[in-house]
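Structural overview for review
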Amino acid sequence: MQGGLPLFPERASTMARHVDALFFYLLGVSLFISLLILVLIIVFSIKYRRRASNEIGAPLGGSMKLEVFWMVIPFLLCMVMFGWGASLFMAMQRPPPQAMEIYVVGKQWMWKLQHPEGQMEINELHVPVGRDIKLTMTSEDVIHDFFVPAFRVKSDVLPGRYTSIWFRPTKPGRYHLFCSQYCGTNHAVMGGWVTVMEPADFEAWMSGGPTQGSLAEAGAKLFRELACNNCHVSSGQGRGPSLVGLYGSIVRLEGGATVVADDNYLRESILNPRAKIVAGYKADMPVFQGLVNEEQLLELIAYIQSLAPPPAASGQPGAAAESHPPAPATKKLQ
Amino acid sequence: MSSPATAPALRRETYLNVSFGVKSWLLTTDHKRIALLYLVSITLFFFLGGFFAVLIRLHLLTPEGSLVTAETYNKLFTMHGVVMIFFFLIPSIPAVLGNFLIPLMIGAKDLAFPRLNLASWYIFNLAALFTLYTVITGGVDTGWTFYTPYSSLYSNTHVVPTIVGIFFAGFSSILTGLNFIVTIHTMRAPGMTWFRLPLFVWTHYATSLIMVLGTPVVAITLTLVAVERIFHLAIFNPALGGDPLLFQHLFWFYSHPAVYIMVLPAMGVTTELITAFARKKLFGYHFVAAASLGIAVIGFFVWAHHMFVAGLSPYAAMIFSILSYLVAIPSAVKVFNWTATLYKGSVSWATPMLYGLGFIGLFVMGGMTGLFLAALGLDVHVHDTYFVVAHFHYIMVGGAVMGYLGGLHYWWPKISGRLYPEALARFAAIVLFVGFNLTFFPQFILGYLGMPRRYHAYPPEFQVLNVLSTAGASILGVGYLLPMFYLVWSMRYGPIAGSNPWPATGLEWQTPSPPPPHNFDRTPVVTWEPYDFAGRADLQYPVPRPEPQMFQPAAHD
């Protein structure tokens, strides 16, 4: 047999420490209560064992005080578990603002990972140590799940919408990446490795491989090919709303509702524009469902994200694409 | 066999000898005979599901998988889950022990709808035939959870026949639940008030509510999967505007309460065992009874804790996390009250008690690890890993199956009229307990290390723990085979039991073993509180003599 007998997983992200702390709290509480019950059962079973075949137990009915005691104490212990778990969960749900964004597409049975600068990886992910990394993920077919035990992060990856996770690696090394939502025949081998590198090594790796330009550049090209630029002009005078500064802003819809222009909103507005109509515009954008694939959608979203807000905007979509925030931030760490 | 002519007066009429022949069994409306029919059906399914488990554990002996292909492995764990959950665990205690005992315990002649009871057995077997059909023709590979869109669009295995099987099995479950509810409401003997009911009846009442209210939802949900598969309607398919998460909400709305269908009856059995073998009133009767209903009600509002990493809104996740903690409280109340019942009791170490105490131990471990899974930030790490597999096996096998076997031993003298071999039975109970822990405890560690469930192959560092688990499973297997052999043996060769061998306080022990066809020769009138050993002059204890002990001289002779 190979592999030895590991009893505890490696800890390689800032989150791992917090998850393990909560784990040890729960382990402590449950060991205490389990051992208490075990000891009581053993002591009672021996001390009060039947000594004569016609012996019966003492006629004790119950005790209100005890009942209240053993409802209230477990309740309080549970509320600590709830509060601790919930606050940790909220921290996991909110990626830090300057996180480096990587796009992930899962399909039966492989992971495609796209860096914003253009590098594409299959079943491998290279990231620098000490940087916040945000993964925006979707699936081409069934539900998958992106799971890196050493980082203690996991999220289902669904068709038709985006989910995201974030982590900050703390230790260079190679860590397992698993699919942990059953997805068919080769579910067990739909995995790979996350390689955490020193920043300098990561820069070398990034500049090493061939690249077709950044994701936003590819998106800008696609934006023109699909003739999106005919209507979505930056001046705001076109048939469609301007997309400059749209990403992350609050959009007013027909009927008075508002929505945050996040990845899922943009995705829906491209694939099925009639779902939500921006106030003041007509529902005449064509449906792109079936015309763009998941990778192209991510390129378009990266492009829209790259369109800086008006004060800094040059008005030229291509020029704006180059000021994609993560790229300079990556270099800062060298 | 002696002919009736030689000794007509000695031959007492029982439900077993009142008529003979295949027809007298297949057309019976006697709840006791139907219980035995169920016993045969679910025992077959238990060993079929167990056979799949054996293949799974053998396959996982090596990291690359040593026995079958990936496709076959996926079918094995799916069929293991489908068979064990829908065709063994859900019917196990209610349809066998509940069917046999509820009328006896409340002093009734039969269930309220005897023909419906027989119909539910036939429906169950019809469903079972569909399931066997899928096994023989190649199986199904979606997991017992049938997650869409895999099940509705991508799997090319026998999804629809399996769904049809589960759909029909659901009707059998609904009919059984309905029958129990009406029976418990309307057919209690004079003096058998609600708070004189044994806890076994209370837990079956709670279980029946879940069966009647929850089962239609899973039937509709699985029908929707079949409809999407056959007619390509857009229900769960996101490409056509459907929502795959809708399936998970609907599925778990039944399938989480279904866990309580499995474990509540086992809690009822355990309560009977603890009181009978400590010869003591149940500590906090009203609290334990209320906890049963509490679990059934709150259990309907915790379903989305199966979906914390599925893309749920974080605020919804918080609500379901806090509700999941609330459902833990009534379970804790039960455990504390059982433990307190032992205090100053007269504790016997007979086989059923070993199962009862084993149940408490394993249920505590299963319940405690459930708290880990309800903690949102921690669930993210352990969700869909072997930690979950270990957790629910502690509840459903450690809990429900231990309860079932404990109950089967305890009421075996009533069912068969004979006693099982005590020493062998104690040995089997201990083998089961050890084998169970050896099988499933390593899986907690595997889960925290990060091994995902439903993997036909795994990284080499997980091998030692997997081998340990398989070794444990082989011990567990022996533990399951032993009772089957000696219980069958005892039906013919076991010592005659008498009507109340333990003795215990329930009404079922007031009538001869095996009971007459209509349960009681005279309708009993109940004037006593439940489990009140001290207040019952009618109980006949064995002649006092010292139990075999090393250091205690005979004190009472």
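What counts, and at which threshold
- Residues numbered from 1 in each chain as written.
- Chains lettered and ligands numbered in written order.
- Predicted model: local features only at pLDDT ≥ 70, side-chain atom pairs only at ≥ 80, totals over all residues.
- Helix = DSSP H or I, 4+ residues; strand = E, 2+ residues; numbered from the N terminus.
- Buried ≥ 20, exposed ≤ 12 C-beta atoms within 10 Å, placed from the backbone.
- Contact = placed C-beta atoms within 7 Å.
- Rg over C-alpha atoms; globule rule 2.2 N^0.38 Å.
- Nonpolar A, V, L, I, M, F, W, Y, C, P; charged D, E, K, R; others polar.
- Pairing = 2+ DSSP bridges.
- Axes fitted to C-alpha atoms, helices over the stretch in contact; angles between N-to-C directions.
- Parallel < 35°, antiparallel > 145°, perpendicular 65-115°, else oblique.
- Left-handed = near helix turned anticlockwise from the far one by under 90°.
- pLDDT = per-residue confidence, 0-100.

Another point: the overall build of chain B. Scanning chain B from terminus to terminus reveals 15 helices and zero strands. With the principal axes as the frame, chain B shows a C-alpha extent of 75 × 55 × 45 Å. By the burial criterion, 59% of the 557 residues in chain B qualify as buried. For chain B, long-range pairs separated by at least 24 residues make up 84% of all intrachain contacts whose partners lie at least 6 apart in sequence.

Across its full length, chain A carries eight helices and 12 strands. A compact globule built from 334 residues would reach a C-alpha radius of gyration of about 20 Å, whereas chain A, at 27 Å, exceeds it by more than 25%. For chain A, the spread of C-alpha atoms along the principal axes amounts to about 95 × 55 × 40 Å. Within chain A, buried positions represent 37% of all 334 residues. By sequence separation, contacts in chain A at least 24 residues apart represent 67% of the contacts at least 6 residues apart.

Another point: the interface of chain A and chain B. On the chain B side, the residues contacting the 81 residues of chain A number 87 residues. When contributions to the side of chain A that touches chain B are tallied by element, the ones reaching two or more residues are α1 (14-47), α2 (64-93), β6 (144-148), β7 (153-157) and β9 (173-179) of chain A. A total of 17 residues in the side of chain A that touches chain B trace back to one element, the largest contributor, which is α2(A). Tallied by class, the residues present in the side of chain A that touches chain B amount to 47 nonpolar, 23 polar and 11 charged.

What follows is about the sheet that holds strand β4 (residues 124-128) of chain A. Residues and elements named next belong to chain A. Taken together, the five strands give an open sheet; going across it, the order is β4-β10-β9-β6-β7, and neighbouring strands pair in mixed fashion. On the outer flanks of this sheet lie β4 and β7, each paired with one strand and no other. Across the sheet, the mean angle from the axis of one strand to that of its neighbour is 20°, orientation sign disregarded. The sheet contact formed by β6 and β7 spans five bridges and is antiparallel. Along β7, the bridge assignment pairs Val148 with Val153.

Residues and elements named next belong to chain A. Sheet topology places β4 next to strand β10 (residues 192-197); five bridges connect them, and they run parallel. Considered in β10, the bridge of Leu125 is made with Val194. Sheet topology note: the β9/β10 ladder contains five bridges and is antiparallel. Opposite His176, over in β10, you have Trp193 as the bridge partner.

Turning to the packing of helix α4 (residues 114-136) of chain B against helix α6 (residues 159-186) of chain B, a few remarks are in order. Helices that pack against each other are described as a pair by the angle of their axes relative to one another and the distance between those axes. Residues and elements named next belong to chain B. Between α4 and α6, whose axes approach to 8 Å, the crossing angle comes to 160°. Here α4 is positioned roughly antiparallel relative to α6, judged by the angle of their axes. At the point where α4 passes α6, the crossing takes the left-handed sense. Between α4, through Leu116, Asn117, Ala119, Ser120, Ile123, Phe124, Leu126, Ala127, Phe130, Thr131, Tyr133 and Thr134, and α6, the contact on the second element is made entirely by Pro161, Thr162, Val164, Gly165, Phe168, Ala169, Phe171, Ser172, Leu175, Thr176 and Asn179. Broken down by class, the residue content of the contact of α4 with α6 amounts to 14 nonpolar, nine polar and no charged.

What follows is about the confidence of the model for chain A. Residues and elements named next belong to chain A. Averaged over every residue, the pLDDT of chain A is 87; residues scoring 70 or more account for 90%. When mean pLDDT is compared element by element in chain A, β6 scores highest at 97, while helix α8 (residues 326-332) scores lowest at 36. Contacts from residues 312-334, a stretch scored under 50 in pLDDT, to residues over four places away or in other chains number 41 contacts.

To continue, consider the sheet that holds strand β1 (residues 100-107) of chain A. Residues and elements named next belong to chain A. Overall, mixed pairing links the five strands, which are arranged β3-β2-β1-β5-β8 in an open sheet. Each of the sheet's edge strands pairs with one partner strand only, and the pair in question is β3 (120-122) and β8 (163-167). The average angle at which neighbouring strand axes cross in this sheet is 25°, direction not considered. Strand direction decides the pairing type here: β1 and strand β5 (residues 133-139), joined by seven bridges, are parallel. Bridge pairing links Tyr103 to Thr136 in β5.

Moving on, we get to the confidence of the model for chain B. All names here are of chain B. For chain B, per-residue confidence averages 92 on the pLDDT scale, and residues scoring 70 or more make up 96% of the total. Considering each helix and strand of chain B separately, the mean pLDDT is smallest for α4, with a value of 92, and largest for helix α12 (residues 376-382), with 97. Within the model, pLDDT remains below 50 along residues 1-9, and this stretch shows two contacts once partners closer than five positions in the same chain are excluded. Per the prediction output, this complex has pTM 0.89; the corresponding ipTM is 0.91.

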